[in-house]
Amino acid sequence: EAEREAVKFGMGSASLKGDRGSQEDRAVSLRLSQAERLAAVFDGHYGEGCAEYCRANFHLRLQDTAHWLAFNDRDAIKAAFVETHQRFKELNDKTGSTATVALISCRRMHVASVGNSRAVRASPVSASPPHPALHSATPPRACLSNRHAY
């Protein structure tokens, strides 16, 4: 279901395991509300535990923040990163993960990253340079109706 939802809105992902014994990375694309989507990639380090935890929990921490309820997406993303990190530390799991998330609504796209992962906004004819952490960009048209890849 999540994959069909992602494709419907022009989002997708691909992964390459490389020479590791298993795939440590995780990606998620979710509808958070009627007007908002979350796309995220979690690049697992030293195992898949942290990346899997982030895939399953980041969106929940995002929607739990007071900033989310106040429609302050930028601070909601920051708070979700901090809360997800704190809760994962309590599990005493020794794996880690970088994170790149994009929160997409009809009028805005907030892109944030933790660690050395980056996002590139692309269209069929052009691509932007990698977005720095917590950068906000406005897509050229309503993001839910165009076919750009984020």
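Residues numbered from 1 in each chain as written. Predicted model: local features only at pLDDT ≥ 70, side-chain atom pairs only at ≥ 80, totals over all residues. Heavy atoms only, no water.

All right, on to the state of the cysteines then. Within this structure, the stated rule accounts for zero disulfides. With no disulfide partner, Cys50 has as its closest neighbouring cysteine sulfur the one in Cys54, 4.1 Å distant. In this structure Cys50 comes out as buried when scored by relative accessible area, which is 9%. (Disulfide = S-S within 2.5 Å. Buried < 20%, exposed > 50% of the residue type's maximum accessible area, 1.4 Å probe, protein only.)

Below, the discussion takes up the side chain of Arg37. Within the secondary structure, Arg37 sits in strand β2 (residues 37-45). A polar contact of 3.2 Å, which involves the side chain of Arg37, links it to the backbone oxygen of Ser33. (Helix = DSSP H or I, 4+ residues; strand = E, 2+ residues; numbered from the N terminus. Polar contact = N/O pair within 3.5 Å; in protein donor to acceptor, adjacent residues only side chain to side chain.)

Along the chain, Arg26 turns up in strand β1 (residues 26-31). Sequence spacing of Arg26 and Glu48 is 22 residues, and the spatial spacing of their C-alpha atoms is 8.0 Å. Apart from the residues within four sequence positions on either side, Arg26 is in contact with Ala40, Val41, Phe42, Glu48, Ala51, Glu52 and Arg55. Reaching out from Arg26, the side chain makes a polar contact with the side chain of Glu48 at a distance of 3.2 Å. Side chain to side chain, Arg26 and Glu52 meet in a polar contact 2.8 Å long. (Contact = heavy atoms within 4.5 Å.)

Here we come to the packing of aromatic side chains. In the structure shown here, the tally under the stated rule is three aromatic pairs. Put simply, the rings of Phe42, Phe58 and Phe81 touch in pairs and so form one group of aromatic residues. (Phe/Tyr/Trp six-rings, centres within 6.5 Å; stacked < 30°, edge-to-face > 60°.)

Where the residue is not glycine, phi is negative for most of them; where a peptide bond is considered, it is trans in most cases. Its identity as a non-glycine residue notwithstanding, Phe71 has a phi of 60°, on the positive side. Mapped onto the fold, Phe71 is located in the loop between α3 (66-69) and α4 (73-89). By relative accessible area, Phe71 is classed as exposed at 73%. A positive phi is found at Asn92, a non-glycine position, where the angle reads about 55°.

Function-wise, these values are silent; they only describe arrangement.
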